[in-house]
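Structure at a glance
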Amino acid sequence: MLKSFLAAATLAVALAGAALPQAVEARTLDEIMKSGVIRVGVNPTLPPLGKFDDKNEIVGFDVDYAGEIAKLLGVKLEVVQVGSPDRIPFVASGKIDFVMGAMTRNTERAKVIDFTVPVHTEVLGVLTTKANTFTDWKQFDDPSVTFVQVRGSTPVKFIEENLKNAKVTLLDNYPDAVRALAQGRGTAMIDVIDFMGDHMSKHKVEWRIVETPIDVYYCSLGVAKNSTGLKDWLNIAVYDLYRKGKTTELWKKWFGMDMIKPVGAQPFF
Amino acid sequence: MSYTLQYGQIWPFLPRLLEGAVVSLQIAVLAFCGGLFIGTACAAIRTFGPRWLARVAGLYVVFFTNTPQLVQIYFLYFALPDMGILLSSFAAVVIGMTLNAGAYLTEIQRAGFESRRASEMEAAEVMGFTRLQQIRYVILPHVARVLFPPLSNQFIIVTLGTSMAAVFGVEELTGEAFNINSQTFRSIEVFTVTAGIYVVLTLAASVALAFMGRALFRARTELI
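Please read all numbers here as calculations on a predicted model, not as lab measurements.

**Structural notes on the overall build of chain B**
Scanning chain B from N- to C-terminus turns up eight helices and zero strands. Structurally, chain B occupies a C-alpha span of about 75 × 45 × 25 Å along its principal axes. Within chain B, the proportion of its 224 residues that are buried is 46%. Considering only contacts in chain B between residues 6 or more positions apart, those separated by 24 or more positions represent 76%.

**As for the sheet that holds strand β4 (residues 76-81) of chain A**
Residue and element names in this part refer to chain A. Read from one edge to the other, the open sheet built from five strands follows the order β4-β1-β5-β12-β6, with strand pairing classed as mixed. Strands with a single pairing partner mark the edges of an open sheet, and in this sheet they are β4 and β6 (113-115). For strand β1 (residues 37-42) and β4, the ladder comprises six bridges, and the chain directions are parallel. Paired with arginine 39 across the strands is glutamate 78, a residue of β4.

**Brief notes about a nonpolar patch on the surface**
A cluster of nonpolar side chains, namely Phe75, Met83 and Ile85 of chain B, defines an oily patch on the protein surface of about 300 Å² accessible area. Summarising the element assignment, phenylalanine 75 of chain B is placed in helix α3 (residues 69-79).

**Quick word on the packing of aromatic side chains**
Tallied over the full model, the rule gives 17 aromatic pairs over all chains. Through pairs of rings, three or more aromatic residues link up here, namely Phe61, Tyr65, Trp251 and Phe255 of chain A. Taking the ring centre of phenylalanine 78 of chain B as reference, the NZ or CZ of arginine 179 of chain A above it sits at 4.3 Å. Above the face of the tyrosine 77 of chain B ring, arginine 185 of chain A is positioned so that its terminal group lies 3.6 Å from the ring centre.

**A look at the pattern of salt bridges**
Residue and element names in this part refer to chain A. For the structure shown, the criterion picks out 20 salt bridges over all chains. In this structure, aspartate 172 and arginine 151 form a salt bridge, with 3.1 Å as the shortest nitrogen-oxygen distance. Of this pair, aspartate 172 sits in the loop between β9 (167-171) and α6 (174-182) while arginine 151 sits in the loop between β8 (146-150) and α5 (154-162), and the two are 21 residues apart along the sequence. The structure contains a network of salt bridges with shared partners spanning Glu68, Lys71, Lys246 and Glu249.

Procedures and definitions
Residues numbered from 1 in each chain as written. Chains lettered and ligands numbered in written order. Predicted model: local features only at pLDDT ≥ 70, side-chain atom pairs only at ≥ 80, totals over all residues. Heavy atoms only, no water. Helix = DSSP H or I, 4+ residues; strand = E, 2+ residues; numbered from the N terminus. Buried < 20%, exposed > 50% of the residue type's maximum accessible area, 1.4 Å probe, protein only. Contact = heavy atoms within 4.5 Å. Pairing = 2+ DSSP bridges. Patch = residues over 30% accessible without salt bridge, like charges linked within 9 Å, V, L, I, M, F, W, Y side chains within 5 Å. Areas by Shrake-Rupley, 256 points an atom, 1.4 Å probe, with all protein chains shown as cover. Salt bridge = Lys/Arg side-chain N within 4 Å of Asp/Glu carboxyl O. Phe/Tyr/Trp six-rings, centres within 6.5 Å; stacked < 30°, edge-to-face > 60°. Lys NZ or Arg CZ within 6 Å of the ring centre and 35° of its normal.

As structure tokens, this is what we get:
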């Protein structure tokens, strides 16, 4: 039996070694232009940033915005579907050239991928139901509270750091998380309330938004680490789209209102 | 771009992965034991029970072996609340996995029951055993020996299947791996360590079951 075990252990180690990949190279700006296609990751569960239309194609602010970038670069746009937990591995492994989908820039993520200058902001709020009567987000720091959150999304860390007494249930996507909240599996959800409208309307629940903006995050385009040429070009493109009013126009088209907290583009970008 | 392995970032999270492994084992043991109970009952019904009841058990098996386990748990977790039944994540996963394991264990055990020797049954009948006594004293000891290896395999399958509990917010081994991955983004390191823990977990279970099989039923199980 010992021999069998040693054989199994050796095989396991060998397989683990074989499984370690030669890292896939992220494409340079030149390679993207030469190929004629830029691959952009969009999360279709964050309407109106990204969602499926009647033809089951991904549309939304992110798709239009990425289309403008592709136009500026003179290449075709290829939209790649990503989810909250896998969007960073997709960029880091070179499967896509950059990722959108509410990519909040933070120091943890910046250890793994690079960020451009911000494209838009997201203002966090608390989504709950009429059953809950709290009026301030800090009241949710209570053991009786269970947050239903999306795995890998920015507010998870915010709750860990600021609402330590509350419990958290993590699900994989926004439709499931909002449905779980509607079914009474949790007390509240902290996220960008602007993105929740589509999901909330699918459930016959008396929703309530706690009227206290919690925090403001800046969302950028996420690119592979050290792809400096691409990042530099994207920075200029993002500034250009802001300066020409294209970003504001697209935001209004999809959100039906101005950005609550505009980025405030400057030439020093 | 070259990738530098950084296992140092993962080791601080090892206790969380091990806690997750304990939850995985809890789900596996509960689902397997429950499934074994259901499977034994349904296999007995399908082999010895009245025809209509055998058909009902057959329908149960057909339904659960021809639909994905993920869909079954999804139904329990997200569809039942619309009918007023709210199961916790853990309960939905355990019940779903139990019902699924029960269907497969029914078929495994039915094969075992049908491998019984006619001469044994005739001897039992001559001795005046009731049908229940025949199952309890003649058939079960015989089939236990034959069935132990496939049952052990099924336990491993159930153990690995617990990974889908992560989808429903249960922080078992895979769920913890997902969480750590979303914090560190060291996917290769996180999932290599997680895979290693699964290998250790299932090999340990295989060894324990092999010893148990030899001690209780003289069943020989080849590990590799």
